[in-house]
Every structure is written in C-alpha cells, then in structure tokens.
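Coordinate analysis (summary)
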Amino acid sequence: MKTILTTLLAILITGMTYAGNYEVAMQKALTQLNEADSPEAFTSTAQAFDRIGKVEEGEWLPQYYAAFCYIRAAFAEGDVAIREKHLNQAMVHVEAGLENEDNSELQTLLGYAKMGQITVDPMTRGPQLTPEVMQALGKAIQMNPENPRAYMVMGQMKLGTARFFGKGEEEACGYITRALELFGTEEVPEGSMQPAWGQHYTTQLAGTCTEILAEKGQ
C-alpha cells in the first residue's frame, strides 16, 4: 500500500511540474510575441510556440499562437512569395490546433489565414476562398457570439470586399462597431494565456468607418 501511495505521489508531483513548465514556456513566448515588431520577430516567435506545441501535443494554444504569429508575419511582409509561405505555415498550425479542439478562436484564425491567402492573388483566389473565409468566421461567431476577434476579422473582410467591388461599407462597419463594443466588455485576467488581441486594430478600423460614413453624410 505504501509503495502504491508513493508511486501515485510521484506521478502527481511530476504532472504538476510538467504543467508548470508548460505555463512558464507559454508566458515566455507570449512576452516575446508582445515585443515582436517585424516579420522576422513574428517568425522567430512562431517557432518558439511550435517547439512548445511539439511537446504539448494535446494543447491547442501553442498551435493557435504559432498560427497567429505567422499570420502577423504575413501581413507585415511585402514579398508576396514569402507572405504565402508564412500563411501556409499558419494553416498547418491552425489545422493542428483544430485537431485538439474546435473553438471560436481557432475558427477566427482559420478565416484570418484564408483572408490573407486571398491577398496573394485577389483576382484568382477571391472567388474560391471568400466563401470559405465567411464560413469560418460565421462559425466562429456562432460558436461564441461574444468573441470580438471574430467580428473584427469579419468586419475587415467585408470592408475589403466592399471596397473591391465598389459596394457600401455599412454592413462591414456594423461588424467593426460590434467588435469594439465586445472588446469594451471583454475580461482578461492578469496572466491569462487566452487570446486577447485585436482591440487596437479594431479602434483603427472604427476610425476608418467613421470617416467613410461621414463622407456619405451618415
């Protein structure tokens, strides 16, 4: 009996240490992400999350943040070929994350990555990928109607589409306004590893909407 208890205690302690190492590694990588300001820095940070993901195969957050970093690198990259390479890497990590857990945040990144793929060749890829972007973002909103990032990316996508086809931006700005409202009520505990990005960019998009609607006298 004593041997069994000793074994169980050892397993419990090992598990607690392992979990602690995971959180330390994730917090270190999140700090690196917050300081990233170039495609190279985002790529380096993505590799840090990738290393964590290879150890923590059952966790979706390392895959999520690796994908997010590659998307950020892609949108900051001027070379189209390199941008596509980053987006392909992002898709690999999104799909790996979805194998662990299908949730609103991962569906948002799925739509975000596909939106980026459209920018590589809008004329060719737009007709094919736009429905897939809308499907992923619609699912993200359906899974969590309080997720501001899902509304932000949907608004960004609809704003770009409206401009491309010369249509009104009102629907897009509605999503952006809703995203800004949700960011205002989103509670992010200190030290949380859950996704919390997007408010700053949503504020910029809302400013663009204000200018557009003012020009139209709305």
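Just above sits the structure.
What comes next is a walk through the structure. A quick note: this is a predicted structure, and the numbers were derived from the prediction, not measured. (Residues numbered from 1 in each chain as written. Predicted model: local features only at pLDDT ≥ 70, side-chain atom pairs only at ≥ 80, totals over all residues. Heavy atoms only, no water.)

**Examining the overall build of the chain**
When helices and strands are tallied, the chain shows nine helices and zero strands. C-alpha atoms of the chain, sized along the principal axes, occupy 80 × 40 × 30 Å. Taken over 218 residues, the chain has a buried fraction of 43%. Sequence separation of 24 or more characterises 64% of the internal contacts of the chain that already satisfy a separation of 6 or more. Summing over all exposed atoms, the chain offers an accessible surface of approximately 11800 Å²; the carbon and sulfur share of this is 55%. Measuring between centres, the 16 positive side-chain charges of the chain sit 3 Å from its 28 negative side-chain charges. (Helix = DSSP H or I, 4+ residues; strand = E, 2+ residues; numbered from the N terminus. Buried < 20%, exposed > 50% of the residue type's maximum accessible area, 1.4 Å probe, protein only. Contact = heavy atoms within 4.5 Å. Areas by Shrake-Rupley, 256 points an atom, 1.4 Å probe, with all protein chains shown as cover. Lys, Arg positive; Asp, Glu negative; His and termini not counted. Charge placed at Lys NZ, Arg CZ, Asp CG, Glu CD.)

**Quick notes on the nonpolar core**
In this structure, Met26, Leu33, Phe49, Tyr65, Leu109 and Trp197 are the most contacted members of the largest nonpolar core, which totals 56 residues. Tallying contributions element by element places helix H3 (residues 61-75) first for this core, with 10 residues. If sequence neighbours within four positions are ignored, Tyr65 has contacts with Met26, Leu30, Leu33, Phe49, Met193, Gln194 and Pro195. (Core = buried A, V, L, I, M, F, W, Y, C linked by side-chain atoms within 4.5 Å.)

**With respect to the packing of helix H6 (residues 122-143) against helix H7 (residues 148-165)**
Packing of H6 against H7 brings their axes to within 10 Å, and their N-to-C directions diverge by 150 degrees. Overall, the two elements H6 and H7 adopt an arrangement that is roughly antiparallel. The interaxial crossing formed by H6 with H7 has left-handed handedness. In this structure, H6 uses Pro122, Met123, Thr130, Val133, Met134, Leu137, Gly138, Ala140 and Ile141 to contact H7, whose residues at the interface are Ala150, Tyr151, Val153, Met154, Met157, Lys158 and Phe164. Each residue belonging to the contact of H6 with H7 can be placed in one class, and the counts come to 13 nonpolar, two polar and one charged. (Axes fitted to C-alpha atoms, helices over the stretch in contact; angles between N-to-C directions. Parallel < 35°, antiparallel > 145°, perpendicular 65-115°, else oblique. Left-handed = near helix turned anticlockwise from the far one by under 90°. Nonpolar A, V, L, I, M, F, W, Y, C, P; charged D, E, K, R; others polar.)

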